[in-house]
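Understanding the architecture of this molecule
So you can see what is in the structure, the chains are spelled out below.
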Amino acid sequence: MAEIRIEHVRKEFGSFIAVQDSTLTIGDGTFFVMLGPSGCGKTTTLRMIAGLELPTSGRILLDGEDVTMRRAAARDIAFVFQMYALYPHMNVRRNIGFPLVCQGVGRAEVRRRVEETARLLRIDHLLDRPVSGLSGGDRQRVALGRAIVRRPKAFLMDEPLGALDTEFRHLMCGELRDLHDRLGATTVYVTHDQMEAMSMADRIAVMNHGIVEQVGPPQEIYDRPATMYVADFLGSPPMNFLTFEGAVRRGDRQVRPGGALVAVPELHEDRPPGPLALGVRPEHIRFADDAPLRGRVLGAEYMGTTQIVTVETAHGTVKARIPSGRDVRTGETVGLALRPDGLSLFDAATGRVLRSALHEPDHPDTRRAAEVRHG
Ligand code: ATP
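Report follows, based on the coordinates. (Residues numbered from 1 in each chain as written. Predicted model: local features only at pLDDT ≥ 70, side-chain atom pairs only at ≥ 80, totals over all residues. Heavy atoms only, no water.)

Moving on, we come to the packing of aromatic side chains. Within the structure shown, the criterion is met by 4 aromatic pairs. Arranged with centres 6.0 Å apart and planes meeting at 15 degrees, the rings of Y229 and F233 form a pair that is stacked. Here Y229 and its partner F233 are both found in helix 8 (residues 228–233), 4 residues apart, which amounts to about one turn of the helix. The exposure class assigned to F233 is buried, which follows from its relative accessible area of 19%. Centroid distance F241 to F346: 5.7 Å. Interplanar angle 85 degrees. Geometry classified as edge-to-face. Here F241 is found in strand 11 (residues 240–248), whereas its partner F346 is found in strand 20 (residues 344–347), with 105 residues between them in sequence. Each member of the pair, F241 together with F346, is buried. Its guanidinium or amino end placed over the ring of Y222, R281 lies 3.9 Å from that ring's centre, counting from NZ or CZ. (Phe/Tyr/Trp six-rings, centres within 6.5 Å; stacked < 30°, edge-to-face > 60°. Helix = DSSP H or I, 4+ residues; strand = E, 2+ residues; numbered from the N terminus. Buried < 20%, exposed > 50% of the residue type's maximum accessible area, 1.4 Å probe, protein only. Lys NZ or Arg CZ within 6 Å of the ring centre and 35° of its normal.)

This part takes up the pattern of salt bridges. For the structure shown, the criterion picks out 26 salt bridges. Among the salt bridges present, the one from R59 reaches E7, with a minimum N-O distance of 3.1 Å. In this pair, R59 sits in strand 4 (residues 57–62) while E7 sits in strand 1 (residues 4–13), placing the two residues 52 residues apart along the sequence. Here R93 ties to E115 by a salt bridge, and the two come within 2.9 Å at their closest N and O atoms. Of this pair, R93 sits in helix 2 (residues 92–102) while E115 sits in helix 3 (residues 107–120), and the two are 22 residues apart along the sequence. Taking the relative accessible area as the measure of exposure, R93 reaches 18% and is therefore buried. Counted as one network, the salt bridges with shared partners bring together E109, R112, R113, E116 and R151. (Salt bridge = Lys/Arg side-chain N within 4 Å of Asp/Glu carboxyl O.)

Taken together, the neighbourhood of the ligand is formed by F13, F16, A18, P37, S38, G39, C40, G41, K42, T43, T44 and E159. The contact in question runs from an oxygen atom of the ligand to an N or O atom on the backbone of G39, over 2.7 Å. Between the ligand and the protein, one listed contact pairs an oxygen atom with a side-chain N or O atom of K42 at 3.0 Å. Contact with the protein chains removes 58% of the 630 Å² of surface that the ligand exposes when unbound. Those elements that place two or more of their residues in the shell around the ligand are strand 2 (16–26) and helix 1 (42–50). (Near = heavy atom within 4 Å. Polar contact = N/O pair within 3.5 Å; in protein donor to acceptor, adjacent residues only side chain to side chain. Areas by Shrake-Rupley, 256 points an atom, 1.4 Å probe, with all protein chains shown as cover.)

Here you go:
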């Protein structure tokens, strides 16, 4: 088990900056997910933690000890890749046991630890099978087995489920989380898939062009995004933005997109006149005849118990998730009521959230909002 800390880590490839000044602490035993689109620097960060890549500047600490210059083999960290990287000419038993054989562990001990690992992964019935005939899920379990059998301080996983079909991925997400809980080792997991991140992580770091935009538990970054980028990256459909010009003052509890008055969580900072964006999740919009914010329905997608209705307003197009029971006609005018405790207000010029009761975890309004959400 290990705490991993990266301090002001930067990585340049020639003139290209892949990771810019990242500082993160990954707590001992945490399931930590780095989430972001392709090319944002997730794999590079992971490779620097593993010792496969040297940072251009900054430090990497394992349990408080500076390992920046220590080679990968001496870090006691296991790396699990997307491509299973199994030895095709060996059976499952020999694939899993290989790292121990390389370490010079005795035969009886190798056998005992391989069988214990296989039981943990529920592949003990496959031990004497060649890996070539295994399903994608079982091959990934063998790859995990090879990492687990060493009992490393931490696991680094780079899109390990990327090659599996959707059904298997869901299954493996549950299995990986369960395995993590049983092993208790620190896990750093890289993915571009928000559902994988939200379902497995204790904490998520959302990355964008080599920058960590926000770190926090899944619900916190979903409910209280620090930037418009994070708000837009999470959620399906993502958060809507109603854009308008305005100024806000500390203590305000309402904003005025156009003439409409919208209640928001109490604001905790002043902002001179400029572009603002009111962020609202689709599930926090309700149709209400008397709501001052109005729009025209462009279409609806049936999703089962809910439907996603696209509405054009004077401040941008929004998607509302409303019960399927509501009859919706294209072209009709609807009033949009926005749930105040779910609203975030952003400075649209910088993309940064304006501090408000919602974004202050200790504020009584935030606690009340959380209680409402948890029923
Ligand atoms: P993906 O999921 O596509 O791997 P990622 O978020 O993991 O994306 P990285 O693999 O960390 O991204 O790459 C970040 C950026 O650094 C990319 O633009 C990539 O092309 C670049 N990069 C990575 N490795 C090298 C290298 N060895 N030489 C030059 N550029 C590199």
